[in-house]
Amino acid sequence: MSRRIASIAVLGLLLIGRGTQAAAAPALLPQIVPPRLLSEVGKPVPPRPLFDSSFTASASGGYKVKVFTFGSAVILEVDRRDRRRFSAAVYLARGVAVPRRLQATFGNFGKVSMRFRPAKNGGQSLCRFGERLSRRHGTYVGELDFKGEDGYVAIDLHRAKGSIVTPAGRCPRSRHHLTRAAAERAIEALLEPASGLAANARDGVATTSFLSIKRKTGAAFLAFHQETHGKLAILRVAIVRGGKSFHVNEAVTTAGVSPPPPFHGTGRYHAEPDGTSTWSGPLSVDFPGAPRFPLTGPDFEALIDVPF
């Protein structure tokens, strides 16, 4: 299994175990962004001192737009979600990413230039995975002018509530102590057998991946596409939990999968006698800004993993 497919498989397992919204949160984005893409948008290494600046606003089409930082990159995420589905288009651009200022140009799609004004008595202390964080609430003021591909989303914003988060030491042990029973449950969930069907294709600097995975607790489907346009990187992801997973014959030579919306159609896997395989059919997905995006074809490498 290739490194890219393996990474997506791990993400799929997290989706079933933790729920779509938690696993798809922007905080996990740097963990799935390919380092090659990050280097093309300005090598956004973790800043010193560490901080996270962000604000979120509603936009046309029922989307939420979040602007946040990752090192020297300014990231604009357009997403739509519910309890079982999540889809997003993520635009990464090199810009000015300092605690009280967010500024970047997203190619022909638009730009952001916002400054942070802290609120009086707007501080908050919280713990995440044993780390104490200090969150400062306030208002971002300036300009966010963005219009997505074919106008699927448009936003013209001058004020938005947001925050700046910085590390503030360790939390008391009692706040993040993991009991033995909880640790055993986590290990059992991680080692639970899972069936997976994965397909991956590369066209120049663009990569497309699809994953169908099934565990005792349920099924999940994930599609991921990444591309670059000069110094702008675009990542698209669609995730859905529930529905029927793929069906496969006893010899594990043929399989088919028909995921629920935002996916459409069926993908078909066939293993040839010489060891090669094909991944065909009218399977597609509605990414934000890229509807009916194809997920099959001769460029895809497909594989199946079925436990005994």
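Cut-offs applied
- Residues numbered from 1 in each chain as written.
- Predicted model: local features only at pLDDT ≥ 70, side-chain atom pairs only at ≥ 80, totals over all residues.
- Heavy atoms only, no water.
- Salt bridge = Lys/Arg side-chain N within 4 Å of Asp/Glu carboxyl O.
- Buried < 20%, exposed > 50% of the residue type's maximum accessible area, 1.4 Å probe, protein only.
- Helix = DSSP H or I, 4+ residues; strand = E, 2+ residues; numbered from the N terminus.
- Phe/Tyr/Trp six-rings, centres within 6.5 Å; stacked < 30°, edge-to-face > 60°.
- Lys NZ or Arg CZ within 6 Å of the ring centre and 35° of its normal.
- Pairing = 2+ DSSP bridges.
- Contact = heavy atoms within 4.5 Å.
- Core = buried A, V, L, I, M, F, W, Y, C linked by side-chain atoms within 4.5 Å.

> Explain the pattern of salt bridges residue by residue, including any values.
In the structure shown here, the tally under the stated rule is 3 salt bridges. The salt bridge partner of arginine 81 is aspartate 79, with a shortest N-O separation of 3.3 Å. Residue aspartate 79 is classed as buried on the basis of its relative accessible area, which comes to 6%. The closest approach of N and O atoms between arginine 236 and glutamate 149, which form a salt bridge, is 2.6 Å. One end of the pair, arginine 236, is in strand E12 (residues 232-241); the other, glutamate 149, is in the loop between strand E7 (131-147) and strand E8 (154-170), and 87 residues separate them in sequence. For the pair formed by arginine 236 and glutamate 149, the shared burial category is buried. Where salt bridges share partners, they join Glu77, Asp79 and Arg81 into one cluster.

> A description of the environment of leucine 76 should follow, citing residues and the corresponding values.
Position of leucine 76 relative to the elements: it lies in strand E3 (residues 73-81). Note on leucine 76: relative accessible area 0%, which makes it buried. Separated by 21 residues in sequence, leucine 76 and phenylalanine 55 have C-alpha atoms that sit 10.0 Å apart.

> A description of the packing of aromatic side chains should follow, citing residues and the corresponding values.
The tally for this structure, following the rule as stated, stands at 11 aromatic pairs. Aromatic ring contacts, followed pair by pair, group Tyr91, Phe106, Phe109 and Phe146 into a single cluster. Above the face of the phenylalanine 68 ring, lysine 66 is positioned so that its terminal group lies 5.5 Å from the ring centre.

> Talk me through the sheet that holds strand E17 (residues 277-280); I want residue IDs and the actual numbers.
Strand pairing in a sheet takes place through backbone hydrogen bonds and is either antiparallel or parallel in direction. Spatially, E13-E14-E16-E17 is the arrangement adopted by the 4 strands of the open sheet, whose pairing is antiparallel. The open sheet has two edge strands with one neighbour each: strand E13 (247-248) and E17. Pairing of E13 with strand E14 (residues 254-257), which is carried by 2 bridges, proceeds in the antiparallel orientation. The residue of E14 that forms the bridge with valine 248 is alanine 255.

> Give me the environment of arginine 115: which residues, what numbers.
Of note, arginine 115 is situated in strand E6 (residues 110-128). When the C-alpha atoms of arginine 115 and leucine 102 are compared, they prove to be 6.5 Å apart, with 13 residues separating the residues in sequence. When near neighbours in sequence (up to four residues on either side) are disregarded, arginine 115 contacts Arg100, Arg101, Thr139, Tyr140 and Val141.

> So, the nonpolar core: which residues are in play, and what are the values?
The biggest cluster of nonpolar side chains holds 31 residues, and the ones touching the most others in it are Phe55, Tyr91, Phe106, Leu144 and Phe146. Counting 25 residues, the second largest nonpolar core, distinct from the first, contains Val240, Val285, Ala302 and Ile304.

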